[in-house]
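Inside the fold
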Amino acid sequence: MAASFQLAVVSSCVMLWAVACQGALEFGYYDDTCPRAESIVRAEVRKAVRANAGVGAGLIRLLFHDCFVEGCDASVLIDPTEDNPQPEQLGIPNRGSLRGFQVIEAAKDAVEEACPGTVSCADIVAFAARDASYLLSDYKIDFEMPAGRHDGRQSSANDTLGFLPSPFASHGELVAKFAAKGLDMDDMVVLSGAHSIGRAHCTSVQDRLGIGSDMDPRFQRWLRRRCSNDTSSDTGSPTVRQDTVTAAALDSQYYTNVLRHRVLFTSDAALLTSPKTARMVRGYAKGDGKWERKFEAAMVKMAGIDVKDGADGEIRKNCRSVNQRAR
């Protein structure tokens, strides 16, 4: 990434809300302690995305779902245990729909071999989302990700509904959810562009398939056919592509789809219900590269939500479980 973009991000950080800015994070954080950390993560992400682009979409979503609950601390990776049978993974917005765990685990194993006990799972999640964005955008989204996050020790399914924006959310609900995390309306519209990649379960679009929907009729008929065998179960619900035009690319096509009423979620369509966000959608639909630059900055900002340091976090040995404390 160009040095000018780094300086822009750092300079704007001074003016942003403290929680989203987190001065503790640094570019090149592992340069001295684990200089190969980022290249190791990128190699694992590249391997996974080459095999299945959908995993890359999952890695971007994994960062979003991690940061909005408990902050960017890898709490979304924690597996159920006897002591904590309901971690974030099993929350309604996450259950049966998160992807990329194996990539994070493989990257963690490789990094641990190179630099034991040094690189947090939270930083690996952030690096992986950055690298997936780079690869899925055909290298157009290219930025540095500051690091220095510690891993959290708490994870609760009950927190997911309260913090994660719903696919059924109205414009006002979306604005409130993002504002609670120090993200503004522009961040909300820009980050929604990640819906240009990946798939969604039909259970998340059923409310858009009835009479009265603003959805393009031809697109709605296609969705009805695709979702006609929906069993409404976590594992049996059919899935549909979020973008039927450039399905394997992270690009600004999403905004054209919004304008054409060919998007899946109520929360996508809601971007046209406010003059301000509708204006943003029209601007990003031009495909002039502006969205990609804004997405880079928004990802860095989101990846700084409520980060933990050594006082309230740890460097996990295994991303799927907290470290055992000495008694």
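Residues numbered from 1 in each chain as written. Predicted model: local features only at pLDDT ≥ 70, side-chain atom pairs only at ≥ 80, totals over all residues. Heavy atoms only, no water.

**Looking at the environment of T266**
- Relative to the elements of secondary structure, T266 occurs in helix α12 (residues 266-269).
- Residues T266 and H171, spaced 95 residues apart in sequence, show a C-alpha to C-alpha distance of 9.1 Å.
- Residues contacting T266, with those up to four places away along its chain left out, are P167, F168, A169, D207 and R208.
- A distance of 2.5 Å separates a polar atom in the side chain of T266 from a polar atom in the side chain of D207. (Helix = DSSP H or I, 4+ residues; strand = E, 2+ residues; numbered from the N terminus. Contact = heavy atoms within 4.5 Å. Polar contact = N/O pair within 3.5 Å; in protein donor to acceptor, adjacent residues only side chain to side chain.)

**Notes on the UniProt feature "active site" (unreviewed entry) in the protein chain**
- Sites flagged by UniProt as "active site" (unreviewed entry) map to H65.
- Assignment of secondary structure puts H65 in helix α4 (residues 53-67). (UniProt positions renumbered as here; feature names shortened; annotations may be inferred.)

**Thoughts on the nonpolar core**
- Counting 78 residues, the largest nonpolar core has V45, L63, L77, I104, F295, M299 and M302 as its most contacted members.
- Of the residues forming this core, the biggest block, twelve residues, is contributed by helix α6 (residues 121-136).
- Discounting chain neighbours no more than four positions away, the residues touching M299 are I60, L63, A129, S133, F143, M145 and L191.
- Judged by nonpolar contacts, the second largest core, of eleven residues, contains A200, F219, V240 and F265. (Core = buried A, V, L, I, M, F, W, Y, C linked by side-chain atoms within 4.5 Å. Buried < 20%, exposed > 50% of the residue type's maximum accessible area, 1.4 Å probe, protein only.)

**Quick notes on the side chain of D73**
- Here D73 lies in the loop between α4 and α5 (101-114).
- We classify D73 as buried; its relative accessible area is 0%.
- Excluding anything up to four places from it in sequence, D73 contacts D66, A122, H150, D151, G152, K308 and R316.

**What about a positive patch on the surface?**
- Taken together, the side chains of R99, R199, R226 and R241 make up a positively charged region of the molecular surface.
- Along the polypeptide, R99 turns up in the loop between α4 and α5. (Patch = residues over 30% accessible without salt bridge, like charges linked within 9 Å, V, L, I, M, F, W, Y side chains within 5 Å. Areas by Shrake-Rupley, 256 points an atom, 1.4 Å probe, with all protein chains shown as cover. Salt bridge = Lys/Arg side-chain N within 4 Å of Asp/Glu carboxyl O. Lys, Arg positive; Asp, Glu negative; His and termini not counted. Charge placed at Lys NZ, Arg CZ, Asp CG, Glu CD.)

**Looking at the packing of aromatic side chains**
- Within this structure, the stated rule accounts for eleven aromatic pairs.
- Ring centres of F64 and F178 lie 6.0 Å apart, and the angle between their planes is 55°; this geometry places the pair in the tilted category. Of this pair, F64 sits in helix α4 while F178 is found in helix α8 (residues 171-179), placing the two residues 114 residues apart along the sequence. With respect to burial, F64 and F178 carry one shared label: buried. (Phe/Tyr/Trp six-rings, centres within 6.5 Å; stacked < 30°, edge-to-face > 60°.)

**Some words on α8**
- Within α8 the residues assigned to the buried category are H171, L174 and F178. Summarising the axial view, the buried residues of α8 lie within an arc of 65°, below the 170-degree limit, and thus occupy one face.
- Contacts made by the buried residues of α8 are with α4, α9 (185-192), α12 and α13 (275-284). (Arc of directions from axis to C-beta.)

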